[in-house]
Amino acid sequence: MKAPRQSDVARLAGVSQSAVSRVVSGDVDRIPEETRERIRAAVKELGYVPNAAARNLRNKRNRLLGVHTFEAVFPHAREDFYFEFLLGIEERAEEVGYDLVLFTSTGTSDGRRRIYRDGTNRLNLADGSVLLGVATDREELARLWHDGYLFVHIGRREVPGADIPCIVPDYESAAARIVESLAERGHRNLAYLREGIEQESYVDRRTGYRAAVERLGLQDRSPGFRGEPWLTDAWLDELANGPETAVVAESVRLAEDLRRGLAARGRSIPADLSVAVLEGSGDEPGHRWDCLVIPRKEIGRIAIDALVARVENPDEPPVSQLVQCDLVAGETVADPR
């Protein structure tokens, strides 16, 4: 089905094409409110979206790059997960001579941040945008891709029928490297603590962990390895008295729950059980966990480079990139007793 054009909107609204162009671009001076409403209603009915790719091809770039997050990122300032990503984005954009615009006004009454409002892509103000966030709207990603808007997404997102360009922390190989490091220290019986989250980043961790366990001939009888989330008291009892010498946890939260549960049973980390975490900073208060660390600032910089490359040459196909994660040695892994 052919995408609607400005001329289609003009015909449906009964106005000139120039009036449509001015309204969708935000230049509404001297256009009567009744005319604006007719145009907006026609835009919504037809599902018309201004073609950002065509604008770029005409070299009408304004050297603005957008940053859109699918949830609020500033409530906790420096403690926020996204802070380092945003530092890298800002730093690199300044270096390459682009200004940034942070899209925060695309929300709806249900609290979700949306890209499209009333049929219009609000990101069109920018030449292209970096998208990030846990609560990604895959339908909007698919629509952006099919509309030809230039963007990159931080984190892997699988969208049927769309080749979404992503900058991806390589969780899979990092998880495998953690298993390999445990095996090199002599650990043969492992356990896996799994979050109750089904998302690409967690799937990648689980894939890397399982492949390494099977390739190295290690043993894992844990509920997490079988696909069951969380840490139960029953499994804590088994861990405290079982053959396992090392645990791989998907989050610091689960690792802390494990530490408290073991302490209540007279066991400690790493004296009785080694623990590695598949996401951390390496300097969490209390314990210095052996963990996987995402190079967030570097990923932000890479995302800007990938986006600028597309903006400056829109004919180039989108390319996703894997970024290696760091493994940080802490105080929670020791040789098995």
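See above for the structure.
Description of the structure in this document. (Residues numbered from 1 in each chain as written. Predicted model: local features only at pLDDT ≥ 70, side-chain atom pairs only at ≥ 80, totals over all residues. Heavy atoms only, no water.)

With that out of the way, let us pick up the environment of Ser173. Position of Ser173 among the secondary structure elements: in helix 7 (residues 171-184). Residue class for Ser173 comes out partly exposed when judged on its relative accessible area of 27%. Sequence spacing of Ser173 and Gln324 is 151 residues, and the spatial spacing of their C-alpha atoms is 8.0 Å. (Helix = DSSP H or I, 4+ residues; strand = E, 2+ residues; numbered from the N terminus. Buried < 20%, exposed > 50% of the residue type's maximum accessible area, 1.4 Å probe, protein only.)

Attention now goes to the packing of helix 7 against helix 8 (residues 200-215). Helix packing geometry: the angle between the two helix axes and the distance between the axes. At their nearest, the axes of helix 7 and helix 8 sit 7 Å apart, and the two run at 35 degrees to each other. The chirality of how helix 7 crosses helix 8 is right-handed. Residues Tyr171, Glu172, Ala175, Ala176, Val179 and Glu180 of helix 7 form the contact with helix 8, whose own contacting residues are Ser201, Asp204, Arg205, Thr207, Gly208, Tyr209, Ala212, Val213 and Arg215. The class makeup of the residues in the contact of helix 7 with helix 8 is 7 nonpolar, 3 polar and 5 charged. (Axes fitted to C-alpha atoms, helices over the stretch in contact; angles between N-to-C directions. Left-handed = near helix turned anticlockwise from the far one by under 90°. Contact = heavy atoms within 4.5 Å. Nonpolar A, V, L, I, M, F, W, Y, C, P; charged D, E, K, R; others polar.)

Position of Gly47 among the secondary structure elements: in the loop between helix 3 (33-46) and helix 4 (52-57). Taking C-alpha positions, Gly47 is 9.7 Å from Arg5, a pair spaced 42 residues apart along the chain. Once residues within four sequence positions are removed from consideration, Gly47 is found in contact with Pro4 and Arg143.

Moving on, we get to helix 7. Counted at 1.5 Å a residue, the expected span for helix 7 with its 14 residues is 20 Å, and the 20 Å between its end C-alpha atoms agrees. Just past helix 7, the residue Gly186 takes up positive phi, approximately 105 degrees. (Expected span 1.5 Å × (residues − 1).)

Attention shifts here to the pairing of strand 12 (residues 290-293). Going residue by residue along strand 12, you find Asp290 and Leu292 tucked away on one face and Cys291 and Val293 tucked away on the opposite face as well. Summarising the sheet, strand 11 (residues 274-277) and strand 12 pair through 2 bridges and their orientation is parallel. Across the sheet, Ala276 pairs through a bridge with Asp290, a residue of strand 12. (Pairing = 2+ DSSP bridges.)

This part takes up the sheet that holds strand 2 (residues 99-103). Reading across the sheet, the 6 strands line up as 2-1-5-6-7-13 and stay open at both edges, with parallel pairing between neighbours. Where the open sheet ends on each side, the last strands, each with one partner, are strand 2 and strand 13 (321-323). Neighbour-to-neighbour, the strand axes of this sheet turn through a mean angle of 20 degrees, independent of strand direction. Helix 11 (residues 296-312) contacts strand 1 (64-69), strand 2, strand 5 (128-132), strand 6 (151-154), strand 7 (166-169) and strand 13 of the sheet and is inclined by roughly 165 degrees relative to strand 6.

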